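Here is how the chains run, residue by residue.
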Amino acid sequence: LVTEPFDPKALFVAMGRQLPRVLGNEVLAKSVLGGDFQADVHGISIDPLQFDLDSTHIDGKVSWRRGDRSEIKFDVALDQLEVDRYWDLVAIADELPGNKPLIAMLVPEISLAGLFGRLPEYLDLQGTLHARQMQISGATLDEFKLGVKMGAGGLSLDPFQFKLYQ
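Presented here is an overview of the structure given in this document.

Definitions and limits used
- Residues numbered from 1 in each chain as written.
- Predicted model: local features only at pLDDT ≥ 70, side-chain atom pairs only at ≥ 80, totals over all residues.
- Heavy atoms only, no water.
- Helix = DSSP H or I, 4+ residues; strand = E, 2+ residues; numbered from the N terminus.
- Buried < 20%, exposed > 50% of the residue type's maximum accessible area, 1.4 Å probe, protein only.
- Contact = heavy atoms within 4.5 Å.
- Areas by Shrake-Rupley, 256 points an atom, 1.4 Å probe, with all protein chains shown as cover.
- Lys, Arg positive; Asp, Glu negative; His and termini not counted.
- Salt bridge = Lys/Arg side-chain N within 4 Å of Asp/Glu carboxyl O.
- Polar contact = N/O pair within 3.5 Å; in protein donor to acceptor, adjacent residues only side chain to side chain.
- Core = buried A, V, L, I, M, F, W, Y, C linked by side-chain atoms within 4.5 Å.
- Pairing = 2+ DSSP bridges.

With that settled, the discussion passes to the overall build of the protein. For the protein, the count of helices and strands is 3 helices and 8 strands. If you list the helices and strands of the protein from N to C, you get α-β-β-β-β-α-α-β-β-β-β. In the protein, buried positions account for 27% of the 166 residues. If you take every contact in the protein between residues at least 6 apart in sequence, the share linking residues at least 24 apart comes to 42%. Surface accessibility of the protein: about 11000 Å² in total, with carbon and sulfur atoms responsible for 58%.

Structure follows, in structure tokens:
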């Protein structure tokens, strides 16, 4: 399946979702989704997955399985991403100061905001995120890699890695 280019903001509004304040018209402005979808009553998998969102291209695979514990697995690679452009989409707008740089939103404030408390209790999550280049609060990280594993009440972030100098 490959979609025609679409406007993600308009899709969210059509689904009855209220979007938080976003930073500029270029955020969530255009998208294309493609992949080989497999689905049954127990879940869905997309392998390969190709997704373009604004100026970011993502390749990889994702699966979600239902059961006593839902299971999400992913292995995705993206070319580049400016994280701060999308911060308002993951922050709870009423609980966090507006436009605060992501680097300043480390664990104490995130915990106070209750973001970790919003994670589903019966979810197993496992995957890897690779990024050729990621920009966070003005810092550029090259060759970023992060492994994530969550289950049984615990969250593990494998030691992430990135290049500081070339």
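It is worth spelling out the side chain of Asp-142 at this point. For Asp-142, the location among the structural elements is in strand β6 (residues 139–151). Here Asp-142 occupies a buried position and makes no salt bridge, while the nearest side chain of opposite charge, Arg-132, is found at 6.0 Å. Among the polar contacts made by the side chain of Asp-142, one reaches the side chain of Gln-133 at a distance of 3.1 Å.

A word on the nonpolar core. Among soluble globular proteins, nonpolar side chains are generally buried collectively. Of all hydrophobic cores here, the largest spans 14 residues; its most connected members are Ala-131, Met-134, Ile-136 and Phe-144. Secondary-structure elements contributing two or more residues to this core are β4 (70–82), β5 (123–136) and β6.

Before going further, it helps to examine the environment of Glu-82. Along the chain, Glu-82 falls in strand β4. A relative accessible area of 33% means that Glu-82 is categorised as partly exposed. Sequence separation of Glu-82 and Ile-136 is 54 residues, and the distance between their C-alpha atoms is 6.4 Å.

It is worth spelling out the pairing of β5 at this point. When β4 meets β5, the two strands line up parallel, connected through 12 bridges. The residue of β5 that forms the bridge with Ile-72 is Leu-125. Two strands pair when backbone bridges link them, and β5 and β6 are joined in this way by 11 bridges, in the antiparallel orientation. Its bridge partner being in β6, His-130 is matched across the sheet by Lys-145. Connecting β5 to the antiparallel partner β6 that follows it, the hairpin turn spans 2 residues, and Ser-137 within it adopts a positive phi of roughly 50°.

In the structure shown here, the tally under the stated rule is 2 salt bridges. Residues Arg-65 and Asp-40 are paired through a salt bridge, measuring 3.5 Å at the closest nitrogen-oxygen approach. Pair noted here: Arg-65 is in strand β3 (residues 56–65) and Asp-40 is in strand β1 (residues 31–40), with a separation of 25 residues, a long-range link. With relative accessibility at 44%, the residue Asp-40 sits in the partly exposed group. Where Asp-124 meets Arg-69, a salt bridge forms, and the shortest distance between an N and an O atom there is 3.1 Å. In this pair, Asp-124 sits in strand β5 while Arg-69 sits in the loop between β3 and β4, placing the two residues 55 residues apart along the sequence.

Note: most peptide bonds trans; most residues except glycine with negative phi. For the bond running from Asp-47 to Pro-48, omega is 5°, close enough to zero to count as cis. Here Pro-48 lies in strand β2 (residues 43–53). Phi at Asp-54 is positive, roughly 55°, even though this residue is not glycine. Locating Asp-54 in the fold gives a position in the loop between β2 and β3. With a phi angle near 55°, Glu-143 is a residue other than glycine that sits in the positive phi range. In this structure, Glu-143 sits in strand β6.

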